[in-house]
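Now for the letters of each chain:
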Amino acid sequence: MAEEAAAWREPARALPLRWGGYRGRYVAAVALLLAGGLLVQAASVYAGYLLVGGLAAHIAGWIILPARGPRRVAIALPSALAVGSLLFGSAGSILLVIPLAGWLYLRQRPAIAYLVTVLPVLGGLVLSQLYPQYGHGAIVVGVSTVVLVTSAWLGRSITKSRPISSQSRVKVR
């Protein structure tokens, strides 16, 4: 099993890229996704430009992430809207399951890896009970980010622990 896990390779790495290298695009995409989400959270009635800039950066992150083009476009807007839902308060953190599901979809994770989508929902439910007031946004965003990143890594770990034979069924289109 250890040999099979060691032979595992990220499915998106096999995609032919029209521009740039895999690592550069991946790092830039993750940075844009996170920075865009944080800019959205810093927005207010008086700083609407942060909302526009944050949403643009977040969508750009999805667009440059190494993955199949139609998949990237399909998840960009729903993810940006889910990130923006945090502006309504801690209950909006439940919707962060959308960017996580999009991440798993773009990274071509098997169906079993989608079990991790329950974590942001549970985290959002707990956060909405612990911090019902809008003033605790920094805590909610910080905890939600940790939950999302952890969930994505768990999804990757689940994928890597799967036998290679099941990975061969994943088609890179």
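Up top is the structure these notes are about.
Here is a short report on the structure shown in this document. From a predicted model like this one, the values you see are computed outputs, not experimental measurements.

Criteria and thresholds
Residues numbered from 1 in each chain as written. Predicted model: local features only at pLDDT ≥ 70, side-chain atom pairs only at ≥ 80, totals over all residues. Heavy atoms only, no water. Helix = DSSP H or I, 4+ residues; strand = E, 2+ residues; numbered from the N terminus. Contact = heavy atoms within 4.5 Å. Areas by Shrake-Rupley, 256 points an atom, 1.4 Å probe, with all protein chains shown as cover. Buried < 20%, exposed > 50% of the residue type's maximum accessible area, 1.4 Å probe, protein only. Expected span 1.5 Å × (residues − 1). Bend = angle between axes of the 7 residues up to and from the residue. 1 Å grid on protein atoms, 1.4 Å probe; cavity = no way out; pocket = protein on both sides within 12 Å on 5 of 7 lines; lining within 4 Å. Points joined across faces, edges and corners; volume = space filled by probe spheres on them. Nonpolar A, V, L, I, M, F, W, Y, C, P; charged D, E, K, R; others polar.

Considering the overall build of the chain
Within the chain, the regular secondary structure consists of 8 helices and 0 strands. Secondary structure of the chain in N-to-C order comes out as α-α-α-α-α-α-α-α. In the chain, the share of contacts with a sequence separation of at least 24, taken over all contacts with a separation of at least 6, comes to 67%. Accessible surface computed for the chain: about 9500 Å², of which carbon and sulfur atoms make up 69%.

So, the environment of A67
By secondary structure assignment, the location of A67 is in the loop between α3 (48-64) and α4 (69-84). Residue classification places A67 among the buried residues on the basis of a relative accessible area of 7%. As a C-alpha pair, A67 and R13 span 54 residues in sequence and 8.5 Å in three-dimensional space. Once you skip the residues sitting within four places of it in the chain, A67 turns out to touch L15, R72 and L106.

A few points about α4
The terminal C-alpha atoms of α4, which comprises 16 residues, lie 23 Å apart, in line with the 22 Å expected from a rise of 1.5 Å per residue. By the largest-angle criterion, A76 marks the main kink of α4, which is about 30°, and a proline, P78, follows within four residues. Listing the buried residues of α4 in full gives R71, R72, I75, A76, S79, A80, A82, V83 and G84. Along its buried surface, α4 packs onto α2 (22-42), α3 and α5 (97-106).

Here we look at empty space enclosed by the protein
Inspection of the entire model under this criterion finds 2 cavities of 30 Å³ or more. Its volume calculated, the largest cavity comes out at about 60 Å³. With 3 residues, helix α7 (residues 137-161) is the single largest residue contributor to the lining of the largest cavity. Grouping the amino acids of the lining of the largest cavity by side-chain chemistry returns 4 nonpolar, 6 polar and no charged. S93, L96, P120, G123, G124, L127, S144, V147 and L148 together form the lining of the second largest cavity. When contributions to the lining of the second largest cavity are tallied by element, the ones reaching two or more residues are α6 (118-130) and α7. Tallying contributions element by element places α6 first for the lining of the second largest cavity, with 4 residues. Of the residues assigned to the lining of the second largest cavity, the class counts are 5 nonpolar, 4 polar and no charged.

A look at the layout of surface pockets
Rolling a probe over the atoms, with the probe sized like a water molecule, indicates the empty space that remains. As a volume, the largest pocket reaches approximately 780 Å³. Counting residues per element, the ones that place at least two in the lining of the largest pocket are α2, α3, α4, α5 and α7. Broken down by element, the residue count for the lining of the largest pocket peaks at 9 residues, all from α2. Residue lining of the second largest pocket: 13 residues in total, with P16, R18, A67, G69 and R72 positioned closest to the centre. The residue makeup of the lining of the second largest pocket, split by class, is 7 nonpolar, 1 polar and 5 charged.

Details of the environment of L104
Within the secondary structure, L104 is located in helix α5. Here the alpha-carbon distance between L104 and R156, two residues 52 residues apart in the chain, equals 8.4 Å. In this view, L104 contacts R109, A113, Y114, V116, T117 and G155; residues no more than four positions away in its chain are not counted.

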